[in-house]
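# Architecture and fold: a report
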Amino acid sequence: MHFRTLATTALSIVLMAVSPAHAASNFPHYWDGREHVSKPNLSTIERIRFVTTVDYPPFNFIDSTGRISGFNIDLVRAICDELAVTAMCQVEARPWNELLPTLENGEAEAIIAGLRPTAALRQKLAFTTPYMMLPARFVTLKETPLTEPLADTLEKKTVGVVAGSVHQVIFANDFPKGHWVGYPSRDLLLKDLQAKKIDAVFGDGSDLSFWIGSIESGNCCAFIGGPYIAPQFLGDGLTIATTRKNSELIDAFNFALKAMEEKGTTSELYLRYFPVDFY
């Protein structure tokens, strides 16, 4: 099925409410509990159309029924439910290079697709507070975990990274005395970890969490140490973007995101899509 067909199939999905469950996780808090965020008046808003892509699972993808699914889609449902505007919320799939033009020409009100809030984009767009950061993590064999403090231990160990990746840069920056080996692919990296040719791997926590929980891993491995957020390398996290003329929607989305964090809704969605906690 061509992408354009997928986008058309998924157009104007009316969003249903999400019933949150209070699941335990290490999902971080992005809001100061003492900070007050007022609920804005959305009575003049007639439509809130979100645009996204379908090529970034588990955040945005097409499920077996041909519908747009994923963490971001359920997050939109929860936001619209929190704001009591479900009837006016829609979501549409577009190719990545069409997202910004679609927003700017008024065909959509918001982008939720991992658009990085660069300094240049902040000049013409407004962004919410991050709703998720994607940290870097270490993974080791369960039978040979690294001992803390890692900075000392890594001087005597070999850590695998994907060559040329941002995670190679972070490791070299944060562990200048550590020994790393660059691999051309993630698969080779993980096979060498299982074969005990390296002592640990360092990479994207969300991606590694799926591998840890997969059949491929054979229950061999686990995270060690804590998450490395490193915004100077990994960015400010996942946000929702609007045009500046629709900036009142940012206030509304932030109100909903704060309320959802306090209720545990975002944490529940996180564990629904990431059963191996990468925080």
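One structure accompanies this document, and this report is about it. Residue positions are counted from 1 within each chain, in the order its sequence is given. For this predicted model, a pLDDT threshold of at least 70 governs which residues receive local features, and a threshold of 80 or more governs which side-chain atom pairs are given and counted, while totals over whole chains, interfaces and linings are taken from all residues. The basis for the side-chain values is all heavy atoms of the structure; hydrogens and waters are excluded.

### Focus: the pairing of strand E10 (residues 179-183)
As judged from the five bridges shared by strand E9 (residues 158-162) and E10, these two strands associate in the parallel manner. Following the sheet pairing, valine 159 is matched in E10 by tryptophan 180. Handedness of the β-α-β unit built from E9, helix H6 (residues 166-174) and E10 comes out right-handed. Two strands are counted as paired when DSSP detects at least two bridges linking them. Secondary structure is summarised from DSSP: a helix means a run of H or I of at least four residues, a strand means a run of E of at least two, and numbering begins at the N terminus for each. Orienting the strands away from the viewer, one traces the path from the first strand over the helix to the second; a clockwise path indicates a right-handed crossover.

### Quick notes on the pattern of salt bridges
By definition here, a salt bridge exists when the distance from a side-chain nitrogen of Lys or Arg to a carboxyl oxygen of Asp or Glu is within 4 Å. Under the counting rule described, the total for this entry stands at 15 salt bridges. For arginine 77, the salt bridge goes to aspartate 74, with nearest N and O atoms at 2.4 Å. Of this pair, arginine 77 and aspartate 74 both sit in helix H2 (residues 71-82), three residues apart, which is roughly one turn of the helix. Just as arginine 77 is buried, aspartate 74 falls in that class too. Here the term buried applies to any residue with accessible area under 20% of the maximum for its type, exposed to any over 50%, and partly exposed to those in between, with areas from a 1.4 Å probe on protein chains only.

### Considering the pairing of E9
For a regular strand, side-chain orientation follows a simple rule: the groups alternate between the two sheet faces. For E9, the buried fraction is high: four of the five residues fall into the buried class. Bridge count between E9 and strand E11 (residues 200-204): two bridges; the pairing is parallel. By the bridge assignment for E11, glycine 160 is matched with valine 201.

### As for the sheet that holds strand E12 (residues 221-228)
Taken in spatial order, the five strands line up as E10-E9-E11-E8-E12 in an open sheet, and their pairing is mixed. Two strands bound the open sheet, and with one partner strand each, they are E10 and E12. For this sheet the average axis-to-axis angle between neighbouring strands, irrespective of direction, equals 30°. Here, two residues are considered to be in contact whenever any of their heavy atoms come within 4.5 Å of each other. Structural elements are reduced to axes, namely lines fitted to C-alpha atoms, with helices fitted over the stretch in contact, and the angle between N-to-C directions of any two is expressed from 0 to 180 degrees. Here H6 sits on the sheet in contact with strand E8 (136-141), E9, E10, E11 and E12, set at roughly 120° to E11.

### Re the sheet that holds strand E3 (residues 60-62)
Taken in spatial order, the three strands line up as E2-E3-E4 in an open sheet, and their pairing is antiparallel. Sheet topology places strand E2 (55-56) and strand E4 (68-69) at the edges, where each strand pairs with a single neighbour. Examined bridge by bridge, E3 and E4 share two bridges and lie antiparallel to one another. Note that in E4 the partner of isoleucine 62 across the bridge is isoleucine 68.

### Describing the state of the cysteines
In plain terms, two cysteine sulfur atoms within 2.5 Å form what is called a disulfide here. The tally for this structure, following the rule as stated, stands at two disulfides. What pairs with cysteine 80 in a disulfide is cysteine 89, and their sulfur atoms sit 2.0 Å apart. An S-S torsion of about -95° defines the bridge between cysteine 80 and cysteine 89 as left-handed. As far as the burial class goes, cysteine 80 and cysteine 89 line up, both buried. Sequence-ordered numbering of the bonded cysteines in the protein chain gives a disulfide pattern of 1-2, 3-4.

### Focus on the side chain of glutamine 168
Examined against the element boundaries, glutamine 168 turns out to sit in helix H6. Once you skip the residues sitting within four places of it in the chain, glutamine 168 turns out to touch Val161, Val162, Ala163 and Trp180.

### Quick word on the packing of aromatic side chains
Stacked, tilted and edge-to-face pairs are distinguished by plane angle, under 30 degrees for stacked and over 60 for edge-to-face with tilted covering the rest, among Phe, Tyr and Trp rings (Trp via its six-membered ring) whose centres lie within 6.5 Å. Going through the model one piece at a time under the given rule, you end up with 23 aromatic pairs. Geometrically, the ring pair formed by phenylalanine 59 and phenylalanine 71 is edge-to-face, given 5.8 Å between the ring centres and 80° between the ring planes. Placement of the pair is phenylalanine 59 in the loop between E2 and E3 and phenylalanine 71 in helix H2, with a sequence separation of 12 residues. Each member of the pair, phenylalanine 59 as well as phenylalanine 71, is classed as buried. Here phenylalanine 210 and phenylalanine 274 contribute two aromatic rings whose centre-to-centre distance is 5.4 Å and whose plane-to-plane angle is 55°, an arrangement assigned as tilted. Of this pair, phenylalanine 210 sits in helix H8 (residues 205-212) while phenylalanine 274 sits in the segment after helix H11 (265-273), placing them 64 residues apart in sequence. Among the aromatic residues, those joined into a cluster by ring pairs are Phe27, Tyr30, Tyr56, Phe59, Phe71, Tyr131, Phe210, Tyr270, Tyr273, Phe274, Phe278 and Tyr279.

### A short note on the nonpolar core
We call a set of buried residues a nonpolar core when its members are Ala, Val, Leu, Ile, Met, Phe, Trp, Tyr or Cys and they connect through side-chain atoms within 4.5 Å of each other. Counting residues in hydrophobic clusters, the biggest one holds 59 residues, and the most contacted among them are Phe50 and Met132. In contact with phenylalanine 50, not counting residues within four places along its chain, are Val76, Cys80, Cys89, Gln90, Val91, Glu92, Ala110, Ile112, Ile240 and Phe253. Counting 15 residues, the second-largest nonpolar core is a separate cluster that includes Phe138, Val159, Phe171 and Ala230.

### Points about the side chain of aspartate 192
Structurally, the position occupied by aspartate 192 is in helix H7 (residues 186-194). We note that aspartate 192 is buried and unpaired, the nearest opposite charge coming from lysine 197 at a distance of 4.0 Å. If sequence neighbours within four positions are ignored, aspartate 192 has contacts with Tyr183, Lys197 and Ile198. Lys and Arg are tallied as positive, Asp and Glu as negative. Neither His nor the chain termini are counted.

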